[in-house]
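Descriptive analysis of the structure
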Amino acid sequence: MSNKQTHAQPVIGIIGGSGLYDISGLTDQQWVKVETPWGDPSDELLMGKLEGVSCVFLPRHGRGHVISPTEVNYKANIAAMKKLGVTDIVSVSAVGSLKEKLAPGTFVVVDQVIDRTRLRDKSFFGTGCVAHVSLADPFCDRIGQILFDNAKELGLSVVKGGTYLVMEGPQFSTRAESNLYRSWGASVIGMTNMPEAALAREAEICYATVAMVTDYDCWHEDHDAVSVEAVIKTLTANASNARSLVEKIIPSLGKQRPDCSAGCDHALEYALMTAPQKRDPKLVEDLKTIAGRVL
Ligand SMILES: CSC[C@H]1O[C@H](OP(=O)(O)O)[C@H](O)[C@@H]1O
Ligand SMILES: Nc1ncnc2[nH]cnc12
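Thresholds applied
Residues numbered from 1 in each chain as written. Chains lettered and ligands numbered in written order. Predicted model: local features only at pLDDT ≥ 70, side-chain atom pairs only at ≥ 80, totals over all residues. Heavy atoms only, no water. Helix = DSSP H or I, 4+ residues; strand = E, 2+ residues; numbered from the N terminus. Rg over C-alpha atoms; globule rule 2.2 N^0.38 Å. Buried < 20%, exposed > 50% of the residue type's maximum accessible area, 1.4 Å probe, protein only. Contact = heavy atoms within 4.5 Å. Areas by Shrake-Rupley, 256 points an atom, 1.4 Å probe, with all protein chains shown as cover. Lys, Arg positive; Asp, Glu negative; His and termini not counted. Charge placed at Lys NZ, Arg CZ, Asp CG, Glu CD. Near = heavy atom within 4 Å. Polar contact = N/O pair within 3.5 Å; in protein donor to acceptor, adjacent residues only side chain to side chain. Nonpolar A, V, L, I, M, F, W, Y, C, P; charged D, E, K, R; others polar. Core = buried A, V, L, I, M, F, W, Y, C linked by side-chain atoms within 4.5 Å. Expected span 1.5 Å × (residues − 1). Bend = angle between axes of the 7 residues up to and from the residue. UniProt positions renumbered as here; feature names shortened; annotations may be inferred. Salt bridge = Lys/Arg side-chain N within 4 Å of Asp/Glu carboxyl O. Pairing = 2+ DSSP bridges.

To continue, consider the overall build of the protein chain. Helix and strand content of the protein chain: six helices and eleven strands. Rg of the C-alpha trace for the protein chain: 18 Å, near the compact-globule value of 19 Å for 295 residues, within the 12% margin. Counting only C-alpha atoms, the protein chain reaches 60 × 40 × 35 Å along its principal axes. A buried classification covers 56% of the 295 residues belonging to the protein chain. Summarising the internal contacts of the protein chain: among those between residues at least 6 apart in sequence, 81% fall at separations of at least 24. With an accessible surface of roughly 12,800 Å², the protein chain has 51% of that area assigned to carbon and sulfur atoms. With 30 positive and 35 negative side-chain charges, the protein chain shows a spacing of 4 Å between the two charge centroids.

All right, on to the site of ligand 2 then. Around ligand 2, the neighbouring residues are A94, V95, G96, M167, F172, I189, G190, M191, T214, D215, D217 and V226. Here T214 contributes a side-chain N or O atom positioned 3.5 Å from a nitrogen atom of ligand 2. In the environment of ligand 2, a nitrogen atom lies 2.7 Å from a nitrogen or oxygen atom belonging to the side chain of D215. Contact with the protein chains hides 94% of the accessible area of ligand 2, taken as 260 Å² for the molecule alone. Going through the elements one at a time, β5 (88-97), β10 (188-190) and β11 (206-215) are the ones with two or more residues in the shell around ligand 2. By residue class, the composition of the shell around ligand 2 is seven nonpolar, three polar and two charged.

Right, let's talk about the nonpolar core for a bit. Core analysis: the largest hydrophobic core is formed by 50 residues, its most contacted members being I78, M81, F124, F125 and I290. Ignoring anything within four residues of it in the chain, the contact list for I78 reads I15, I89, F124, E196, L199, A200, A203 and I205. With 37 residues, the next largest nonpolar core counts L156, L235, A242 and C264 among its residues.

Here the focus is the environment of A208. Within the secondary structure layout, A208 lies in strand β11. A208 sits in the buried class, given a relative accessible area of 2%. For the pair A208 and D111, spaced 97 residues apart in the sequence, the C-alpha separation amounts to 8.1 Å. Not counting residues within four places of it along the chain, the set of residues in contact with A208 comprises I89, V90, S91, F139, C140, I143, G144 and L147.

Let's shift gears to helix α5 (residues 228-253). Between its terminal C-alpha atoms α5 stretches only 33 Å, short of the 38 Å expected from 26 residues at 1.5 Å a residue. When the local axis directions of α5 are compared, the greatest deviation, roughly 50°, occurs at N238. Those residues of α5 lying buried are V231, T234, L235, N238, A242, L245, V246, I249, I250, P251 and L253.

Time to look at the UniProt feature "binding site: substrate" (unreviewed entry) in the protein chain. The positions UniProt marks with the feature "binding site: substrate" (unreviewed entry) are M191, D215, Y216 and D217. Assignment of secondary structure puts Y216 in the loop between β11 and α5. Dropping the residues within four chain positions of it, Y216 is found in contact with S97, K99, E100, L102, A103, P104 and H223. At 2.6 Å, the side chain of Y216 and the backbone oxygen of E100 are in polar contact.

Once that is clear, we can look at the pattern of salt bridges. Opposite charge on two side chains lets them pair, provided their charged atoms get close. Here the structure, examined in full by the defined rule, presents 16 salt bridges. Between R63 and D43 there is a salt bridge, with its nearest N and O atoms 2.8 Å apart. Residue R63 is located in the loop between β4 (53-59) and α1 (74-83), and its partner D43 is located in the loop between β2 (27-32) and β3 (45-50); the two are separated by 20 residues in the primary sequence. For R120, the salt bridge is made with E168, and the minimal N-O distance between the two is 3.0 Å. A residue pair is termed long-range when its members are at least 10 positions apart, and R120 in the loop between β7 (112-115) and α2 (141-153) and E168 in the loop between β9 (163-166) and α3 (175-183) qualify at 48 residues. By relative accessible area, which is 9% here, R120 ends up buried.

This paragraph deals with the environment of L283. Here L283 shows up in helix α6 (residues 281-291). In this structure the C-alpha to C-alpha distance between L283 and I89, which are 194 residues apart in sequence, comes to 25 Å. Contact partners of L283, with chain neighbours within four places excluded, come to F124, G126, T127, G128 and C129.

As judged from the four bridges shared by β2 and β3, these two strands associate in the antiparallel manner. Within the sheet, the bridge partner assigned to W31 lies in β3 and is L46. When β3 meets β4, the two strands line up antiparallel, connected through five bridges. The partner of M47 across the bridge, within β4, is V56. The antiparallel pairing of β3 with β4 creates a hairpin that spans two residues between the two strands, and E51 there sits at a positive phi of about 50°.

The structure is reproduced here in structure tokens:
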């Protein structure tokens, strides 16, 4: 018997990146503290409703931008969203451009990732309960299409598709690295979308990113190398566009739907490897938070 679920009423999660530390327009607003088996999320989560759709907002770096990309507790963030019933996550991220045509101010609905991080805990699973989910398509194309369509309707400069190179940071890239990533065909560069996208997949939450280009990193001969000052300047100029897009897509995403056509919400269907009698009971207990459906 299939144990697929349907999401009678989606709950929309928004993970706000640099420059997006809250969202407006929510009714019944409440910041709530959520505990998870993996520790504390970046901040309290803002719960509320927009046009009747339940939403949950979390500032990735905490209000006031206190947590560095390496130290964000990605597992706790995703687990907290799952605990609050989130079915679909839209991640908003500031990125540098690795392509001439992706000028600052462009929104890119990315569809691939190259993960160059090396200091992060990448999976909820491990010894005692091993699982392997597919990351062939790390972003949910169903949400990606909705993001793209809504951004177009708002008249934003938006591109569908692109590879997000995730670097460890916190320092920006060297010129040699930037040119290397360009030679690999990467479109944009940032520090946060992995392991966030991978963990959302393990938690069977649909996840898509809209990346807001803030700079040309350091490869472009006609532009200064990226600095926080330049990033903030572009972020400030584009913040209202990002907010409008987030507010516009929530009602579209909140419509009732069957299982995700991209398959993200049943990613664990055939992923578990460890024999039931060999599983670590403590780990299994913790995993119930994100994988209760299959455990
Ligand atoms: C302030 S520039 C560097 C910072 O901005 C991006 O964060 P986020 O993806 O949360 O918007 C980038 O990944 C770095 O963490
Ligand atoms: N050039 C860049 N490199 C890494 N992360 C960024 N976030 C915004 N711009 C960036």
